[in-house]
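# Inside the fold
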Amino acid sequence: MNEVVLEAVGLTKAYGDVQAVKGISFRVKRCEIFGLLGPNGAGKTTTISMLTGLIEPDSGEIHLLGSRFTTHSRRLKARIGFVPQELALYPTLSGWENLSFFGRIYGLKGSLLRERIEAVLKMVGLSERAGDAVETYSGGMKRRLNIAAGLIHEPELLFLDEPTVGVDPQSRNAILESVKELKEHGVTIIYTTHYMEEAQRLCDRVAIVDEGRIIALDTPAALIEREGIGMIRVRIGEGDFAPFAERIAALPGVKRVYRQDGWNIVEAANARETFVGIVETAVRLNVPVEAVEILEPNLETVFLKLTGKALRD
Ligand SMILES: Nc1ncnc2c1ncn2[C@@H]1O[C@H](COP(=O)(O)OP(=O)(O)O)[C@@H](O)[C@H]1O
Ligand SMILES: [Mg+2]
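Before going into details, it helps to say that this report is about the structure given with it. (Residues numbered from 1 in each chain as written. Chains lettered and ligands numbered in written order. Predicted model: local features only at pLDDT ≥ 70, side-chain atom pairs only at ≥ 80, totals over all residues.)

### Details of the sheet that holds strand S10 (residues 213-218)
Filter applied, for reference: Here, a strand pair is defined by DSSP locating no fewer than two bridges between the strands. The secondary structure listing takes helices from DSSP runs of H or I that are at least 4 residues long and strands from runs of E that are at least 2 residues long, numbered from the N terminus. Here an axis means a line fitted to C-alpha atoms, over the contact stretch when the element is a helix, while the angle between two N-to-C directions is reported on a 0 to 180 degree scale. With C-beta atoms placed from the backbone, a contact is any residue pair whose C-beta atoms sit within 7 Å.
Read across the open sheet, the six strands follow the order S6-S7-S8-S3-S9-S10; overall the sheet is mixed. Looking at the sheet topology across the chains shown, the edges are occupied by strand S6 (80-83) and S10. For this sheet, the mean angle separating the axes of adjacent strands, direction not counted, is 15°. The sheet contact formed by strand S9 (residues 205-210) and S10 spans five bridges and is antiparallel. Note that in S10 the partner of Val 206 across the bridge is Asp 218. Together, strand S3 (33-37), strand S7 (157-161), strand S8 (188-193) and S9 form the strand contacts of helix H1 (residues 44-51), whose direction differs from that of S7 by roughly 155°.

Written out as structure tokens, the structure reads:
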């Protein structure tokens, strides 16, 4: 199961003066769910657009299913599926009719087309609403239909670009479950998101992307083990922070204390234990604490530690 099905080598892409992707390289193995996790503007969509042959990289190479892949690789394109961030559906047509349209683009017809439509509708849990016009669907249902469209031709690789943005929790779960199921059926998945919970829950390996570069790449567990120490964020009101910081830095298990975006960040071996020490210290020094937050080691704290920025919107 270690066959490499996709390899990106040194991809770069600029839009005018904006260097969106600054040299991205990684390999994806067959049947993996590979995540690109990063904040808005990190370069995820640009990377996916190059990997699916929508745009030509400025430099670098892509190897897909054993061959060199470019924007002109027609045969290879037929073996991949792409679900864009923006919905691409016909609102006045039914779900079924939309899928029929996408199926025909890939040369499907007759009973095979019907079978494929039924299969993908089932996969995304929309069989019952197939006859209704897409404009009557909820946001989450539209997203699921969008995914079904990307699957109609049974691709070996599926690229999903932020498939859960703006969907209700029920649809979000349905989407995550169908992605897992696809993996079970042998599909390799490249999944972009800025939600660390999703990456953690879903992905076999995750590349953390920031400002056009991969800054870390591994299994979620290994990333958290290596970089994800516990953190506590404290916000205090007016006053001199230095004496408070000094006392906190001297608490057992505290590794580092620093200021960031108006928060005082405390990195500690055991965030929960240190939390108590921080609160006690604040009371003793009469420091006006406005908020204290424990951040358990997870991909969010990995990102915070590596970039000094929050991943969330
Ligand atoms: N068509 C475009 N023209 C100009 N700048 C763009 C275009 N698409 C993306 N960008 C810029 O490139 C950077 C990366 O964008 P994008 O790949 O969409 O990131 P992400 O998908 O991670 O949010 C951002 O600074 C974005 O503003
Ligand atoms: Mg994007």
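That covers the picture; the talk isn't over yet.
### With respect to the sheet that holds strand S2 (residues 18-29)
Taken in spatial order, the four strands line up as S2-S1-S4-S5 in an open sheet, and their pairing is antiparallel. The sheet is open, and its two borders are formed by S2 and strand S5 (67-68), each paired with just one other strand. In the sheet, strand S1 (residues 4-15) pairs with strand S4 (residues 59-64) via five bridges, with the strands oriented antiparallel. Looking at S4, one finds that Ala 8 is bridged to Ile 62. Here H1 sits on the sheet and contacts S1, S2 and S4; the angle it forms with S1, its principal contact strand, is near 120°.

### Re the pairing of strand S11 (residues 230-236)
When S11 meets strand S13 (residues 263-268), the two strands line up antiparallel, connected through five bridges. Bridge pairing in S13 places Gly 230 opposite Ala 268.

### Description of the site of ligand 1
Selection criterion: Note on definitions: a residue is near a molecule or strand provided its C-beta atom, placed from the backbone, lies within 6 Å of it. Each residue receives one of three labels: charged for Asp, Glu, Lys and Arg, nonpolar for Ala, Val, Leu, Ile, Met, Phe, Trp, Tyr, Cys and Pro, and polar for the others, Gly being one of them.
Around ligand 1 sit Tyr 15, Val 18, Ala 20, Gly 38, Asn 40, Gly 41, Ala 42, Gly 43, Lys 44, Thr 45 and Thr 46, and that is every residue in its neighbourhood. Taken together, the elements giving at least two residues each to the shell around ligand 1 come down to S2 and H1. Ranked by residues supplied to the shell around ligand 1, first place goes to H1 with three residues. For the shell around ligand 1, a count of residues per class yields four nonpolar, six polar and one charged.

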